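Next come the chains, spelled out residue by residue.
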Amino acid sequence: MTTHTTPAAQATAFPEGFLWGASTSAYQVEGAWDADGKGPSVIDVRPSYPEGTTDYKVAADHYHRYAEDVELFGQIGLRAYRFSIAWTRIIPDGDGPVNAEGVAFYHRLIDALLAAGIEPIVTMYHFDLPAALDAQGGWANRRTVDAFVRFAELLFAEYGSKVTYWLTINEQNMMILHGDTLGTTTLSGDEAKRDLYQQNHHMFLAQAKAMLACHEQLPKAKIGPAPNIAFVYPASSKPEDILAADEWQAIRNWLYTDLAVHGRYNSLAWAYLGRKGWQPEIAEGDLEILAAAQPDFIAFNYYATQTVGAPSGDNGDLLVRGADQQMVRGEVGLYRAINNPNLPKNQFGWEIDPVGFRTTMRHLWDRYRLPLIITENGLGAFDEVAEDGKIHDEYRIDYLRRHIEQIGLAIGDGVDVFGYCPWSAIDLISTHQGVRKRYGFIFVDRDEFDLKGLARVRKESSFWYSDVIASNGSNLS
Ligand code: BG6
């Protein structure tokens, strides 16, 4: 592979107060899926779990061990912790009575974080829709919008005096494009797609109403969306490849950010939905609500870029090597999935592209001029405990280092980045590969079929990250 230098490769110091953090989500880390009055979510009731993992619902048992975990976060030196609140812990059936024990848990967690000097960053919804709402149609039913807004208002009232940073919906775009965490459906074909984009519209509405409520209830708070943004490269300079990249870029990325920021549908994505017959019904007043809501920042998750070419119009447009959320699938007749020959891949087939991270930040900034925070980025791997009892995850250090360098370069480009929260603070359940695929700075001693003692061990990457944080990003060695 030829190496090239990049233009204006001049890193600028990270700003004072930069939020060096790490992320998790409730269902992937907490366990205690039915403890203390919690209701079931769509995740809890699904018939099978990644790789047949048993005790999946125990996860890292963070619900019971949060105090020990926060102490370890403090030892690492985290300045921020991004986590999600399980809707069904607060309101077990999604829109009925409030569960005081669930409310109390997040007070304890937030208080422990604040006592350790760690800024809480709260995601309001990370894939775990209440099962009771799903049974009533989930996001296809407009009542779910009202239920979400009530839940959001409750969170603002409960935790608003302690929490400044709020994220609305995690990876709405991945839920729509990959669908497996959205809820149940009996529909198929075009009917299913139309229903999906109706759900998408309702989520946009829920997000807009939550942003409006946040600003009204908490004038000092800051709120933003949390999509997964992967810059899309054209396979070549062929004009048809550029057009194909524009199409996928609009459908995958800009549809979600344009709506959140400008409150209007991206026109390429809207035209695409029109050609397909998948445009959602828009009720009177919806567009005004979408236009009135404004985020304070854009949070985004970044793992890899995607590359596409002009379509051939046959099945060759589709990717053959599987297609999870970080792989481009292709769409017959619209864009062809391309394996980027310039990028290495991780062991799960995800392309590794630190320079693409800088490109993604530059484009988000250029398009919206809103401060950015990265709420996920990281390397999943089958970490092992070595004979010396340590977890030598140098491969993760290398990945994180190369991505953090690009944040410095993006800041040098003039991009306003105010935080970096890689995935994940502690080992948790991966959405596709269960327990064995680990992302954490902290190892959790369990495997797929044996809970062992769930003991926590700091990985080598966590010691390296401590130095990065202590030097405010100037020491990446
Ligand atoms: C993001 C999700 O898509 O990617 C996380 O927000 C997820 O919930 C992360 O865990 C990594 O994906 P995976 O499939 O490796 O767990």
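Note that the structure is predicted; figures quoted are calculated from it, not measured.

A.B. asks: Looking at this model, I keep getting lost on the nonpolar core. Mind explaining?
C.D. replies: Within soluble globular proteins, side chains that are nonpolar tend to cluster in buried spots. In terms of nonpolar packing, the biggest core is built from 137 residues, with W166 and Y465 touching the most fellow members. In terms of residues, this core owes the most to one element, helix α8 (residues 189–217), which gives 11 residues. Residues Y165, L167, A226 and A299 belong to the second largest nonpolar core, which totals 11 residues.

A.B. asks: Before we go on, may I ask you to explain the state of the cysteines in this structure?
C.D. replies: In protein chemistry, a disulfide is the covalent bond that joins the sulfur atoms of two cysteines. In the structure shown here, the tally under the stated rule is zero disulfides. Not engaged in a disulfide, the cysteine C214 finds its nearest cysteine sulfur in C421; these two sulfurs lie 17 Å apart. With relative accessibility at 0%, the residue C214 sits in the buried group.

A.B. asks: I'm lost on the pattern of salt bridges in this one. Help?
C.D. replies: A side chain of one charge can pair with a side chain of the opposite charge if their charged atoms are brought near each other. Taken as a whole, this structure holds 21 salt bridges when the rule is applied. Across the salt bridge formed by E376 and R82, the nearest N and O atoms sit 3.0 Å from each other. Here the residue E376 occupies a position in strand β10 (residues 372–376), and R82 occupies one in strand β2 (residues 80–84), the gap between them amounting to 294 residues. For the pair formed by E376 and R82, the shared burial category is buried. Its salt-bridge partner being R396, residue D393 comes within 2.8 Å of it at the nearest N-O pair. Using a relative accessible area of 0% as the deciding quantity, one classes D393 as buried. On the accessibility criterion, R396 (1% relative accessible area) is buried. Through salt bridges with shared partners, a single network forms among D383, D393, R396, D427, R438 and K459.

A.B. asks: Help me understand unusual backbone geometry, please; the structure alone is not making it clear to me.
C.D. replies: Leaving glycine out, the prevailing phi sign among residues is negative, and the prevailing peptide bond configuration is trans. The linkage connecting W423 with the following residue, S424, adopts the cis geometry, with an omega of 15°. In this fold, S424 is placed in the loop between β11 (417–420) and β12 (442–444). Unlike most non-glycine residues, A59 shows phi in positive territory, near 45°. With respect to the secondary-structure elements, A59 resides in the loop between α1 (26–29) and α2 (62–76). Judged by relative accessible area, A59 falls into the buried class, the value being 3%. A positive phi angle, near 45°, is found at K452, a position not held by glycine. Following the sequence through the fold, K452 ends up in the loop between β12 and β13 (456–458). Residue K452 is classed as partly exposed on the basis of its relative accessible area of 46%.

A.B. asks: Explain the site of the ligand here, please?
C.D. replies: Within the structure, the ligand sits among 16 residues, and Q28, E171, T431, K437 and Y439 are positioned closest to it. Measuring from an oxygen atom of the ligand, one finds a side-chain N or O atom of K437 at 2.6 Å. Expressed as a share of its isolated accessible area of 380 Å², the protein-covered part of the ligand is 100%. The residue inventory of the shell around the ligand, partitioned by class, reads five nonpolar, eight polar and three charged.

A.B. asks: Looking at this model, I keep getting lost on the environment of W464. Mind explaining?
C.D. replies: With respect to the helices and strands, W464 occurs in helix α14 (residues 460–470). Each C-alpha atom, one on W464 and one on A131, is 40 Å from the other, the two residues being 333 residues apart in sequence. Other than its neighbours up to four places away in sequence, W464 contacts I397, L400, R401, I404, L476 and S477. A polar contact is formed between the side chain of W464 and the backbone oxygen of L476, at a distance of 3.1 Å.

A.B. asks: Would you explain empty space enclosed by the protein in this entry?
C.D. replies: Where empty space is left can be seen by rolling a probe of water-molecule size over the atoms. Counted according to the given criterion, the structure contains seven cavities of 30 Å³ or more. Empty space within the largest cavity amounts to approximately 120 Å³. Considering the residues around the largest cavity, the lining is formed by 16 residues, among which A26, Y27, G31, W33 and D44 are closest to the centre. For the lining of the largest cavity, the secondary structure elements donating two or more residues are α1 and α3 (87–90). Of the residues assigned to the lining of the largest cavity, the class counts are seven nonpolar, three polar and six charged.

What counts, and at which threshold
Residues numbered from 1 in each chain as written. Predicted model: local features only at pLDDT ≥ 70, side-chain atom pairs only at ≥ 80, totals over all residues. Heavy atoms only, no water. Core = buried A, V, L, I, M, F, W, Y, C linked by side-chain atoms within 4.5 Å. Buried < 20%, exposed > 50% of the residue type's maximum accessible area, 1.4 Å probe, protein only. Helix = DSSP H or I, 4+ residues; strand = E, 2+ residues; numbered from the N terminus. Disulfide = S-S within 2.5 Å. Salt bridge = Lys/Arg side-chain N within 4 Å of Asp/Glu carboxyl O. Near = heavy atom within 4 Å. Polar contact = N/O pair within 3.5 Å; in protein donor to acceptor, adjacent residues only side chain to side chain. Areas by Shrake-Rupley, 256 points an atom, 1.4 Å probe, with all protein chains shown as cover. Nonpolar A, V, L, I, M, F, W, Y, C, P; charged D, E, K, R; others polar. Contact = heavy atoms within 4.5 Å. 1 Å grid on protein atoms, 1.4 Å probe; cavity = no way out; pocket = protein on both sides within 12 Å on 5 of 7 lines; lining within 4 Å. Points joined across faces, edges and corners; volume = space filled by probe spheres on them.

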